[in-house]
Structure formats: structure tokens, C-alpha cells
2 protein chains.
Amino acid sequence: MITLTSKDNAQIKQAAKLQKSARCRRQTALFVAEGLRVCADAMKSGAAIETLFLTEAALEKNTEICTELSACAAKTFLVTPELFAHISDTQTPQGVLAVIKALDKSALFDTIKNGGKFLVLDNVQDPNNLGTILRSAEAFGVTGVILSADCCDVYNPKVVRGSMGAVFRLPVCTAEDLPQWLTAHPQLHTYAAVVGDDAQRVTETTFEEPCAIVIGNEGNGIRQATAAACRHRITIPMNGKAESLNASVAAAILIWEMVK
Amino acid sequence: MITLTSKDNAQIKQAAKLQKSARCRRQTALFVAEGLRVCADAMKSGAAIETLFLTEAALEKNTEICTELSACAAKTFLVTPELFAHISDTQTPQGVLAVIKALDKSALFDTIKNGGKFLVLDNVQDPNNLGTILRSAEAFGVTGVILSADCCDVYNPKVVRGSMGAVFRLPVCTAEDLPQWLTAHPQLHTYAAVVGDDAQRVTETTFEEPCAIVIGNEGNGIRQATAAACRHRITIPMNGKAESLNASVAAAILIWEMVK
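Thresholds, definitions, all that
- Residues numbered from 1 in each chain as written.
- Chains lettered and ligands numbered in written order.
- Predicted model: local features only at pLDDT ≥ 70, side-chain atom pairs only at ≥ 80, totals over all residues.
- Heavy atoms only, no water.
- Helix = DSSP H or I, 4+ residues; strand = E, 2+ residues; numbered from the N terminus.
- Expected span 1.5 Å × (residues − 1).
- Buried < 20%, exposed > 50% of the residue type's maximum accessible area, 1.4 Å probe, protein only.
- Contact = heavy atoms within 4.5 Å.
- Buried area = accessible area lost by both parts, 1.4 Å probe.
- Salt bridge = Lys/Arg side-chain N within 4 Å of Asp/Glu carboxyl O.
- Nonpolar A, V, L, I, M, F, W, Y, C, P; charged D, E, K, R; others polar.
- Pairing = 2+ DSSP bridges.
- Axes fitted to C-alpha atoms, helices over the stretch in contact; angles between N-to-C directions.
- Parallel < 35°, antiparallel > 145°, perpendicular 65-115°, else oblique.
- Left-handed = near helix turned anticlockwise from the far one by under 90°.

*Asks:* Explanation requested: helix α13 (residues 247-259) of chain B in the structure shown.
*Replies:* All names here are of chain B. Its 13 residues give α13 an end-to-end C-alpha distance of 18 Å, which sits within 8% of 18 Å, the value for a rise of 1.5 Å per residue. Where burial is concerned, most of α13 is hidden: 12 out of the 13 residues are buried. Within α13 the residues assigned to the buried category are S248, V249, A250, A251, A252, I253, L254, I255, W256, E257, M258 and V259.

In C-alpha cells:
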């Protein structure tokens, strides 16, 4: 295994750039998975590992998994702890990082007419929220997730980590023009999640398949054009005094009610 | 209004220490609320503001609320932006920070025999989780929250902010010895939340009042002594492949099922 020591190495430069830049991820169709568990999740899901970076310490501590990862990777490099810190997005790096080919999940779009329970996200911005939402969607058995083009990048390192591997396993697609996409799928029963008493309570809603709950931006909710393209409006009834729920909590409650 | 400029000022030193040290918060029975909205929430809830720190810019931008806050505060100081950054716990400080007297909510313990729906947290460690859980508990109308003594401090600045003011309005108490406390309240129907097929599904559970759901640590779940002191074991049934839910998502689903 080759040991890298310089920040000027092309592989190191690319990994560092993929961590920071959504544009770079889009242009190269690559992204980064960091941490032993996340990388192992990626491998188990059959993701194609382009480059694996390991520190000596990580290789010694978790020899078996690191060797397995390395066998799956097209290239493996050992890096010094200092250099690893340069490509890491975490405060306490584990010394395991993989550059992975973005997965093509556009086949999801073809299956919608056959039924299923979907989640549609309109301009969700916070990577921690998006990661948690994907994790909940997978845990509760959502069929797939459709994102508006201006959602937080699904391959943002915080999303990849926060989703606990759901990003590898769950079908996730982007709709370039979400209102148009919704209109183009008239067979889909769409439920726009809103705050307010004039919407149907989610507890009193029967979800007809194929169905999709549409969730909006953390601060501003669903955009008008998106809401207008939905058939129903639903809301989470609240007994308490708080004005709103955390976005990933609201999404979890809605998913829970849709799938159970 | 006096303008403070030195880090050595006793008020500044205290505020900075209260942000960082749970021990200092316990010893002084004071804590910090930061941000315009959080401070306004504290004021509306009748919290006693000991000291208010404002920057000139904050006072100009939100004169009305800042003046109201100042009228409620025992003391108000103007501070320079540099000094404010020193006492702030956020990356983009708003220039409004209050030192507040910790609220005595131990009266909660006396009301339990009269009914209600409670949440018990056993060694929940992450301040972001705790803040989100308190926010959900308030939104869904939980009667009160009981924390084990080793939970994250409820007056941790991240909890105060993440709870969106719930920490001021929701009755929250600490049980010094949680298993003993549970045993000492035999009238309470206690439901330990666990992962596993051998527990009752929360969807098939009827919660009898007064009731309490007990939620454990993010990584390790409920401790054995705590679980042993509970009458029932409940679980969230999951359709998907994920091994677990985010801790604050799991708590929200359980609260939702208890109160609805």
C-alpha cells in the first residue's frame, strides 16, 4: 500500500474538495463516506468504492473490516494522521474514508405507478435534518424519497453520516422541477404537510397508495407552487403550546402515520 | 446603561462560565439564555432575569423587545461585539444574552398522583437530543419530564436553544435516584421503551393515566435497574431495514403515541 504524505497529492486534493463542494460532487458523480461503520454500510450495499484512505492506526485497530474494504476498493492509500485530518469532515476522525461513485437510483421513478409510499422533500436545507429524515424513512419502510433540486445535497458528508447508511440503501431521486413532476404523476395521491387548522389531521387521514407526503423547508414550509400541485393538505395536531416541531421530528411523525 | 469592555469584569466572567460549566450552573442556580427569541420566551414565561447583556447593534435592531427585556432584568449592560463573542455560545451571535435564575419545578412531583402523561429520561446525554425531546414533549402536551441525575444538564445552552423555550414552560425535574423514584411512585403506569420483538408494540399499547414513558441513553438504552423498576416494556415496530432511529425521533414517536 502506498503511503501519502502530501496535501498536493491529486487523490488527497480530490477527497478534500468532495467533502466541501456539492458542485464538485455533482460534476464528478463521486462523494465521500467517512467512518468505519458508514464505509462498511456502503460496501455492504454494493456501492463502488473508488478510493479508500486509511491511517495506520485504523488499519491496526480494525484490520478485518479495513482489509475487506480495501479488497472492494479500486485503490487504497495509507495516509498520515495529519493528512487524514486534512481530508476529514469530523472533529475526531476515525481514520477511514472512502470516495464512492454516486448511485443511479432514477429507476425509482418508473416504479411509482406500481404503488408504494413515498416521501417528497421541497427545499429541505439542513444536512442534519436531511440525514435524520432519510434514516427515519428507511426505518419505517418508505419506498423511496424524491428531492427538489434545491434540497441540501444528499451526498453532503453530514447527510451521509446522519442517515446511518440509509443514503446507500434507500432509493433517493431528484426532481428537477418538483411542481411539474408532481403534476406529471397524477396517479400519485399527494399530501402536502402544512401547519394550520384548516388542513386534515394526519390522524384522520387514510393514505391511498401510491401516496406521497410532501414536506417543506424548515423555516418557510412548502412553496406555493409545490403545494398547489398536491391533492390533499394534512397537518399534525398538537395539544401543547409550542408553535412548531423540529423539522426531522415532524417528518418522522408524518412518515410514521403514513406507513403504519 | 453601563458599557462593559473588559473580559475581567465579574459579570462577564460569570456569564462565560455559566455557558461552559454545568457545575457552575448548579452551584449558582443560574443559567444563560441566548438569542432574541429565547430571551423573549424566558421573559414571557416569567423567568427572573438577573443580568441582560446587549450589543449596541442588537438594541438598535430590536429596540422594542430589548427595552422590554431590560425593564424585566435586574441589571442591563451594553457590551462591545468582541466582548459579546466572548460570552456567546453561538457562531453568529445575535447580541442578546440573559443570565436567568433556575426555575424551581419540584412541585411537579406532587401532582403526579392526580394523573397526567409524563416522560422520564434515563441518562440522555446529547444536548441537541434533549432540547429536541423537550420541544416535542411540550408540542404534544406532555404534563412533565423527569430526568435522571446524570442526564445532560437541562440548562446546557444547546438544550435551552434547541428546546425553543420549552425549558421555561414545561415542568422538568430531576430524580436523584431514578430507579428508587420509580419504585416510590407505584401509582404511575411506567412503560420502558426498548428495542426488541419481545416487548409490546407501542401501536398496541393503551396508556393508563398517570403514565410515564421511560427513554434511555442514545447508545445503550435504559439501564437495567431503571428497566427493572418499570411495569411494562414497549417498542416501536419498524418495517424497514435500519437498526435504530435517531434518539429524538424515537422519543417523538413514543410521546406521540402516548398522548394522542
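*Asks:* Could you clarify how one ought to interpret the interface of chain B and chain A in this entry?
*Replies:* By convention, interface size is frequently given as the accessible area that disappears when the constituent parts associate. Counting residues at the interface gives 30 residues for chain B and 30 residues for chain A. Together chain B and chain A conceal approximately 2500 Å² of surface at their shared face, both sides included; 60% is due to carbon and sulfur atoms. Its largest share of buried area at the contact with chain A, chain B owes to R135(B), A139(B) and W256(B), together 23% of the area lost on that side. There are two salt bridges connecting chain B and chain A. Residue K260(B) pairs with E257(A) through a salt bridge whose shortest N-O separation is 2.8 Å. Residue assignment for the side of chain B that touches chain A shows that the elements contributing at least two residues are α8 (127-139) and α13 of chain B. By residue number, the principal contributor to the side of chain B that touches chain A is α13(B), which donates seven residues. When the residues that make up the side of chain B that touches chain A are grouped by side-chain class, the tally is 13 nonpolar, nine polar and eight charged.

*Asks:* In this structure, what is going on with the pairing of strand β9 (residues 189-193) of chain A? I would like to understand it.
*Replies:* Where a strand is regular, its side chains alternate between the two sheet faces. All names here are of chain A. Most of β9 is tucked away, with five of its five residues classed as buried. Where burial is concerned, the two faces of β9 agree: the one with H189, Y191 and A193 and the one with T190 and A192 are both buried. Across four bridges, β9 lies against strand β11 (residues 211-215) in parallel orientation. In the strand pairing of β11, Y191 is matched with I213. Relative to strand β12 (residues 232-235), β9 is paired through three bridges, and the arrangement is parallel. Opposite A193, over in β12, you have I234 as the bridge partner.

*Asks:* Teacher, can you tell me more about the sheet that holds strand β11 (residues 211-215) of chain B here?
*Replies:* Residues and elements named next belong to chain B. One open sheet accounts for seven strands, arranged β8-β7-β6-β11-β9-β12-β10; its pairing is parallel. Either end of the sheet is taken by a strand with one partner, and the two such strands are β8 (172-175) and β10 (200-201). As paired elements, strand β6 (residues 117-121) and strand β7 (residues 144-148) share four bridges and run parallel to each other. Bridge pairing in β7 places V120 opposite I146. Against the sheet, α8 engages β6, β7 and β8, with an angle of about 175° to β6.

*Asks:* Would you mind going over the sheet that holds strand β2 (residues 30-34) of chain A with me for this structure?
*Replies:* What holds strands together in a sheet is hydrogen bonding between their backbones, with the strands either parallel or antiparallel. All names here are of chain A. What the five strands build is an open sheet, ordered β1-β4-β3-β5-β2; its pairing is mixed. With one partner strand each, in any of the chains shown, β1 (2-4) and β2 form the two edges of the open sheet. Each neighbouring strand pair of the sheet contributes to a mean axis angle of 25°, computed without reference to strand direction. Sheet topology note: the β2/strand β5 (residues 96-101) ladder contains five bridges and is antiparallel. Opposite L30, over in β5, you have K101 as the bridge partner.

*Asks:* Would you mind showing me how to read the packing of helix α3 (residues 36-44) of chain A against helix α5 (residues 63-72) of chain A here?
*Replies:* Describing two packed helices takes the angle between their axes plus the distance from one axis to the other. Residue and element names in this part refer to chain A. Closest axis-to-axis distance for the α3/α5 pair is 10 Å, and the angle between their directions is 45°. Considered as vectors, α3 and α5 are oriented oblique to each other. As for how α3 packs across α5, the hand of that crossing is left-handed. Between α3, through L36, C39, A40 and M43, and α5, the contact on the second element is made entirely by I65, C66, E68, L69 and C72. Of the residues in the contact of α3 with α5, the class split is eight nonpolar, no polar and one charged.

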